[in-house]
Amino acid sequence: MKFATYEYRGEVRVGLVQELENRILPVPVPDMLSLISCYDDLKSSIGNNFDPIPLDGVRLLAPIPRPRNNIICVGKNYRAHAKEFAQSGYEANAKKGAEIDEYPAVFTKRPQSVIGPGVTIELHPGVTSEVDYEVELTIVIGKSGRNILRADALKHIWGYTIINDVTARDRQKNHKQWYLGKSLDTFCPMGPWIVTADEIDPENVQVKTWVNDELRQDANTRDLIFDIPGLIETISAGATLEAGDLIATGTPEGVGIGFRPPKFLKKGDVVTVAADGIGVLANPFG
Ligand code: MG
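The following paragraphs examine the structure supplied in this document.

The rules behind each value
- Residues numbered from 1 in each chain as written.
- Predicted model: local features only at pLDDT ≥ 70, side-chain atom pairs only at ≥ 80, totals over all residues.
- Heavy atoms only, no water.
- Helix = DSSP H or I, 4+ residues; strand = E, 2+ residues; numbered from the N terminus.
- Rg over C-alpha atoms; globule rule 2.2 N^0.38 Å.
- Buried < 20%, exposed > 50% of the residue type's maximum accessible area, 1.4 Å probe, protein only.
- Areas by Shrake-Rupley, 256 points an atom, 1.4 Å probe, with all protein chains shown as cover.
- Lys, Arg positive; Asp, Glu negative; His and termini not counted.
- Charge placed at Lys NZ, Arg CZ, Asp CG, Glu CD.
- Donors = N, O, S within 2.8 Å, 3.2 Å for Na, K, Ca; no water.
- Phe/Tyr/Trp six-rings, centres within 6.5 Å; stacked < 30°, edge-to-face > 60°.
- Lys NZ or Arg CZ within 6 Å of the ring centre and 35° of its normal.
- Contact = heavy atoms within 4.5 Å.

1. Quick notes on the overall build of the protein chain
In step 1: Across its full length, the protein chain carries 5 helices and 18 strands.
In step 2: Against the globule reference of 19 Å for 286 residues, the protein chain gives a C-alpha radius of gyration of 18 Å, in line with a compact fold.
In step 3: By its C-alpha atoms, the protein chain is 60 × 45 × 30 Å across when sized along the principal axes.
In step 4: Within the protein chain, the fraction of its 286 residues that count as buried is 55%.
In step 5: For the protein chain, the accessible surface area stands at approximately 12,600 Å², while carbon and sulfur atoms represent 47% of it.
In step 6: Looking at charge distribution, the protein chain has the averaged site of its 31 positive side-chain charges lying 5 Å from that of its 38 negative ones.

Given below as structure tokens:
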């Protein structure tokens, strides 16, 4: 099932998306985090007793517009991307011949950086002049846990969404730690909704990015270096993952700095990221 957060007639609500029927069925919860927490109890009654709303008549917001915690992200998790990043000159401390890390690189983005479909990614003139895109399959945690073993990891996933891990490459490089380059306001487009875990095989999701009409990224999550159960085991070791926490699993080859010369976003570009079985998320830049 697909669940969206949307605005309709001035109210923000959560609903079940029925794409083919072009409609949303409102769900009686205050927000997505409440739905995730009460899902097992609500599941059988979802869609009952509420009149559908036309999907094209609502404004979709990020499915979790203001996450409780920073968005946890994994860097360098596809071989070809690890290589293009190391060779780009934008990776601080890059070591030749050692593009693939022994342990996953984990960093975070601020909750305040989240925006929804269609919202403009800001230019931030004077702060950065090298803005880049990164499509990422993103895990939504359902069942909280600490020291989750990889064998149990999938049981903790409620669903999946898409994040565009927008990055100021100059700040990422200059500050070594990636937080500043990754957390600018509007640098985390998310959406268009969350698809529940029962509908997705996370090890076979095709992810893509277009800048305007040009296809830039086109890869499959089967090529992840650190797989999803392993990431959950690593990230939850000694640190509790909570319902609603988000883990972006990394981006494949084809980011702007992978080109010679680099292809940074330009004012007026539209960046579209997509994941098969989930949907499409487009945001203008400017
Ligand atoms: Mg990324």
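2. Some remarks on the coordination of the magnesium ion
In step 1: In this structure, Glu134 (OE), Glu136 (OE) and Asp165 (OD) serve as the protein donors to the magnesium ion, at separations of 1.9 to 2.1 Å.
In step 2: Here the donor residues for the magnesium ion map to a single chain with the spacing E-x1-E-x28-D. Accessibility assignment for this pair places Glu134 and Glu136 in one class, buried.

3. Looking at unusual backbone geometry
In step 1: In the segment running from Gly191 into Pro192, the intervening peptide bond is cis, with an omega of 0 degrees.
In step 2: Inspection of the secondary structure assignment puts Pro192 in strand 13 (residues 188-196).
In step 3: In the segment running from Arg260 into Pro261, the intervening peptide bond is cis, with an omega of -10 degrees.
In step 4: Tracing the backbone shows Pro261 in the loop between strand 16 (246-248) and strand 17 (270-275).

4. Section: the packing of aromatic side chains
In step 1: Taken as a whole, this structure holds 6 aromatic pairs when the rule is applied.
In step 2: Judged by centre distance (5.9 Å) and plane angle (85 degrees), the rings of Phe3 and Tyr39 are edge-to-face. Here Tyr39 lies in helix 1 (residues 32-42) and Phe3 lies in strand 1 (residues 2-8), a separation of 36 residues in the sequence. Of the two residues examined, Phe3 and Tyr39, each falls in the buried class.
In step 3: One aromatic cluster is present, formed by Phe3, Tyr39 and Trp158 through successive ring pairs.
In step 4: Against the face of Tyr90 rests Lys173, its NZ or CZ located 5.4 Å from the ring centre.

5. Looking at helix 2 (residues 79-88)
In step 1: Turning to helix 2, its buried residues are His81, Ala82, Glu84, Phe85, Ala86 and Ser88.
In step 2: Tucked inside the fold, the buried residues of helix 2 contact helix 3 (169-174).
In step 3: Count one or two residues on from helix 2 and you reach Gly89, which has phi positive near 85 degrees.

6. Observations concerning the side chain of Ser236
In step 1: Considering the arrangement of structural elements, one finds Ser236 in helix 5 (residues 228-236).
In step 2: Those residues in contact with Ser236 that lie beyond four places of it in its chain are Gly145, Arg146, Asn147, Ile148 and Leu241.

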